[in-house]
Amino acid sequence: MIRKTFPAAFLLLTFSLTNLFAAEDMNFLVWQVPKPDNVSIDGKADLAVLDAFQKTYPNLHPEASTGLRIEGPAAESGVLMSIAGGTAPAAIYVNFRTSGTYIEKGFIQPLDEYIDESMTGEEARAKGVFDENVIYRDELERRIIPQSREVIYRVGPDGKKHWWSMPYRNLVMVLIYNKALFQRAGIDPDTGYPKSWDDMWEISKKITDKDKGIYAFQASNSAVAGWFAFTFFSSMNVRAVKQNPETRQWEATFNQEGAAEAADFYVKMVQGAWTDKNDKEQFGVTYTDTDGSTKWNQGEIAMKFTYLEEQLLSKLSPEEYGIAPVPLSPTGTRGSELNCAMAGLFAGITDPKVKDAAWKYIRFFGGDEAQKIRTRVYVENGYGAYIAPDRLRRFGYGEYAKFFPKGWEETFKTAFECGVPEPYGKNCQMVYNYLSSPLEYAINNEIGMNPDKEKRLEIIQGYLDNAVADANDKMIGYVPPKEMSFRRIVAGIFAAVMFGVFVFMFIYIWKLFTPKEQEVSHRQSSLRKYWMAYLMLAPAILATLLFRYVPLFRGAVMAFQDYNVMYGFSGSTFVGLDNFATILWDPIFWVGMKAAAYYTVLYITMVFIPPILLAVLLSEVPVGKVFFRVVFYLPAIISGIIMMILWKKFLSPDDNGFANWVLSWVGIGSQKWLNDTSLAMFSIMIPQAWAGMGPGCLIYLAALKTVPEDLYESAAIDGAGFLRRVWFITIPMIRALIFIQLIFALIQAFQAANYVLIMTGGGPNDSTRVIGLEIFYNAYVYLRFGIATAMGWILGFMLIGFTAFQMTRLSKMTFKTAEGK
């Protein structure tokens with residue numbers, strides 16, 4: 001009996017232990033988790049999907065990845081910074097622009113084991129091989145738009161094709177328009193939408209009424225102009241980047257035939273000349289300021305290009321807005337930008353259980369069951385009319401299809417049929433910056449106002465050619481071999497000079513602080529006498545070595561590598577002088593140096609000098625000294641980040657901003673502050689001057705206490721006034737402190753990045769893109785650590801003169817105790 005029952009009991013025990021192990025709770029990070037406080041219909045639907053996931057997999061607990069999100073040139077900075085910091089989620093967000101970088105750098109891993117295109121789900125069940133974790137051909141066809149396949153399934157670093165990510169939301173660009181503004185201009189809102197570019201221009205002229213703040217189209221004349229204009233380029237069959245099928249080398253191609261025509265029309269929309277109904281000459285029909293979204297929500301912009309999802313249209317009211325396909329180009333073609341919100345598996349996952357858990361979340365979040373749940377939630381909450389009819393019919397809600405706005409289904413069908421994938425090649429996360437460059441040049445040089453179209457096209461073509469060459473050089477990293485050889489020679493000479501200067505300065509400073517022979521014996525005896533003091537200094541010395549000099553020497557190696565955070569020093573490619581060659585020919589580097597010099601001048605003028613003057617004034621105040629010192633010091637107790645965020649609100653460009661409200665009281669018009677290229681850097685200095693005045697003046701107040709009072713009294717007896725006493729007594733007596741502080745201020749200002757990052761992110765138009773910020777972006781946004789460290793070494797080389805001067809001054813100074821004095 002025991003022999004018969006033992007195998008069954010053993011199997012039962014094994015099955016129980018397996019279930020117990022499988023039911024082990026697991027927390028894992030993903031790119032996003034629906035928030036309970038999101039009460040919108042989208043939020044409700046996503047929460048319902050999350051609830052269903054947790055019921056299906058009760059032991060799996062996804063948590064949203066948190067991290068720094070910064071303004072600036074990279075919207076995906078949060079993911080990149082989490083990878084750099086070693087806190088990347090197991091399931092990370094991927095879009096078309098970033099996919100190339102993620103694949104090339106090894107940030108995401110292939111999904112081949114979870115995808116089977118050889119059979120459908122039903123065929124797998126019939127064969128008895130169905131796996132709930134696998135996506136089969138039928139589901140794959142529902143989730144992936146045909147044009148997106150080339151982005152998702154492509155060749156990796158190993159030369160083989162792989163599945164790299166999975167879409168959970170498909171997006172397409174359409175034209176959305178405000179029906180009320182169309183009616184106001186006497187245009188039928190149902191049939192009068194622009195069918196072609198010519199229609200768009202003529203309709204825009206009828207709608208635009210600048211005197212009343214009404215504009216026809218939302219656009220930009222800054223670093224995001226390329227995104228707004230990409231649809232026009234796509235409609236002319238122009239692609240931003242292409243890959244050579246033989247060499248597999250990517251190259252920028254947005255200067256090909258038709259590109260100048262597309263750029264010219266965009267520039268024409270921004271600043272083309274026309275005559276309004278009052279026979280007044282106007283220029284442009286677009287609104288290009290950064291508060292365009294606010295302007296749109298206020299009903300003062302008639303049209304814009306925007307992404308819409310094929311199934312979720314809850315943000316649009318058919319009574320207020322219409323949607324239409326993007327207008328046809330002069331060639332009779334249209335190209336709607338196609339994009340997907342996707343997720344992939346982070347390559348750094350080491351635990352297979354975490355990997356499977358993350359994949360379950362990716363598969364479920366965008367799968368058939370999730371779509372069914374979203375559809376049900378929309379219908380139950382009265383939003384059935386906002387779901388695409390084919391989806392309603394598929395999930396058993398066909399009776400609601402008749403309520404879908406007339407014409408919208410056809411618009412979506414047309415948009416997806418004409419869909420053109422967003423650029424997805426090498427380093428394409430920055431592609432719109434390069435595409436924006438020729439548009440910015442054309443707009444800033446007022447090319448759109450030139451009535452001679454042939455001349456406009458010729459000039460714009462030149463801008464495009466230059467931008468493409470720049471993109472191939474900086475973004476793609478392709479430089480002709482002959483040109484690269486010359487750059488390496490120049491970089492080698494520069495590196496040799498830089499190394500020589502560093503060695504010379506090290507020897508010079510070493511000699512400055514090396515004791516003379518007669519002092520050696522005295523210092524040796526001091527070492528024996530004060531050995532306890534040196535022992536207590538040891539932890540500080542070790543900390544300095546560990547956190548200052550070890551990174552310094554590691555950075556020296558990194559500057560000669562294409563450093564990859566996934567593989568470290570041993571797995572990164574040695575590139576020799578290429579990083580230095582790239583930097584020396586990078587115009588953005590020199591823009592950063594120029595911006596840093598301007599920042600330094602303003603910093604010395606507005607932040608460094610005022611505390612000296614304030615200290616002198618406070619030392620002369622006969623009563624209330626403590627009160628004034630407290631008042632001026634109070635701003636310093638606020639966290640620097642909070643202080644900058646508050647001032648960013650104060651300097652809001654709209655009329656409700658505190659700074660503009662103050663100006664209105666004195667009869668001065670509103671300023672754009674941080675959005676104005678001429679005022680942005682000055683605006684960054686205002687909060688620093690406000691917060692730094694008090695702490696800075698305390699140092700000088702303490703120094704002023706060391707100035708003998710009898711000197712002032714003697715000068716007063718001789719008839720010297722206040723200013724002469726300050727100039728001939730006060731300043732000379734504290735000159736040494738001022739010089740030392742000045743050198744610190746110069747070095748600190750030239751390396752500044754944090755305040756600029758918070759306030760402007762380097763904008764507008766790179767006017768505040770200081771070199772410290774450029775180093776930060778290269779390291780933690782673009783993950784080009786080799787480039788960033790090489791920039792750091794070059795910056796150090798340029799600042800070493802200040803350090804040498806500072807050390808020379810220190811070597812000649814004698815520090816005494818109060819009694820010694």
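Criteria and thresholds
- All residue numbers refer to position in the chain's written sequence, counted from 1.
- Only residues with pLDDT of at least 70 get local features here, since the model is predicted, and only at 80 or more are side-chain atom pairs given and counted; chain-wide, interface and lining totals rely on the full set of residues.
- For the side-chain quantities, the full set of heavy atoms in the structure was used; hydrogens and water were omitted.
- Under the DSSP-based scheme used, a helix requires at least four consecutive residues in state H or I and a strand at least two consecutive residues in state E, with every element numbered from the N terminus.
- Categorising residues by exposure relies on relative accessible area from a 1.4 Å probe, with only protein chains included: less than 20% of the type maximum marks a residue as buried, more than 50% marks it as exposed, and the intermediate range marks it as partly exposed.
- Every residue pair with non-hydrogen atoms within 4.5 Å of one another is taken to be in contact.
- For the area figures, the Shrake-Rupley method with a 1.4 Å probe applies, and any residue is considered shielded solely by the protein chains shown.
- For the charge count, each Lys or Arg is scored as positive and each Asp or Glu as negative, with His and the chain ends excluded.
- A charged residue contributes its charge at one atom only: NZ of Lys, CZ of Arg, CG of Asp or CD of Glu.
- Grouping into patches uses exposed residues only, defined as over 30% relative accessible area, and leaves out salt-bridged ones; the cut-off is 9 Å for like charges and 5 Å for nonpolar side chains (Val, Leu, Ile, Met, Phe, Trp, Tyr).
- Throughout this description, the term salt bridge denotes a Lys or Arg side-chain nitrogen within 4 Å of a carboxyl oxygen of Asp or Glu.
- As a per-residue measure, pLDDT tells how confident the predictor is, with possible values from 0 to 100.

## A few points about the overall build of the protein
1) Next: Scanning the protein from N- to C-terminus turns up 34 helices and 20 strands.
2) Next: Overall, the protein is about 100 × 100 × 60 Å in size when its C-alpha atoms are taken along their principal axes.
3) Next: Counting only residues that meet the buried cut, the protein has 49% of its 821 residues in that class.
4) Next: Once local pairs closer than 6 in sequence are excluded, the contacts in the protein between residues at least 24 apart make up 71%.
5) Next: Accessible area for the protein stands at about 41,600 Å²; split by element, carbon and sulfur atoms hold 59% of it.
6) Next: Computed over 79 positive and 82 negative side-chain charges, the inter-centroid distance for the protein is 6 Å.

## Some remarks on a negative patch on the surface
1) Next: Judged by side-chain charge, E620, E709, D710 and E713 come together as a negatively charged surface patch.
2) Next: Sorting elements by how many residues they give to the negative patch places helix α29 (residues 709-717) first, with 3 residues.
3) Next: By the element assignment, E709 lies in helix α29.

## Some details on the side chain of S652
1) Next: Its location among the elements puts S652 in the loop between α26 (640-650) and α27 (658-665).
2) Next: We classify S652 as buried; its relative accessible area is 17%.
3) Next: For S652, the contacting residues outside a window of four places in its chain are G657, N660 and W673.

## Examining helix α4 (residues 96-104)
1) Next: Burial analysis of α4 places 8 of its 9 residues in the buried class, the great majority of the element.
2) Next: Among the residues of α4, F96, R97, T98, S99, G100, T101, Y102 and I103 are the ones counted as buried.
3) Next: Phi turns positive, to about 75°, at G106, one or two residues after α4.

## Quick notes on the confidence of the model for the protein
1) Next: For the protein, per-residue confidence averages 86 on the pLDDT scale, and residues scoring 70 or more make up 92% of the total.
2) Next: Note that residues 1-22 has pLDDT below 50 and, in this model, 2 contacts with residues that lie over four places away or in other chains.

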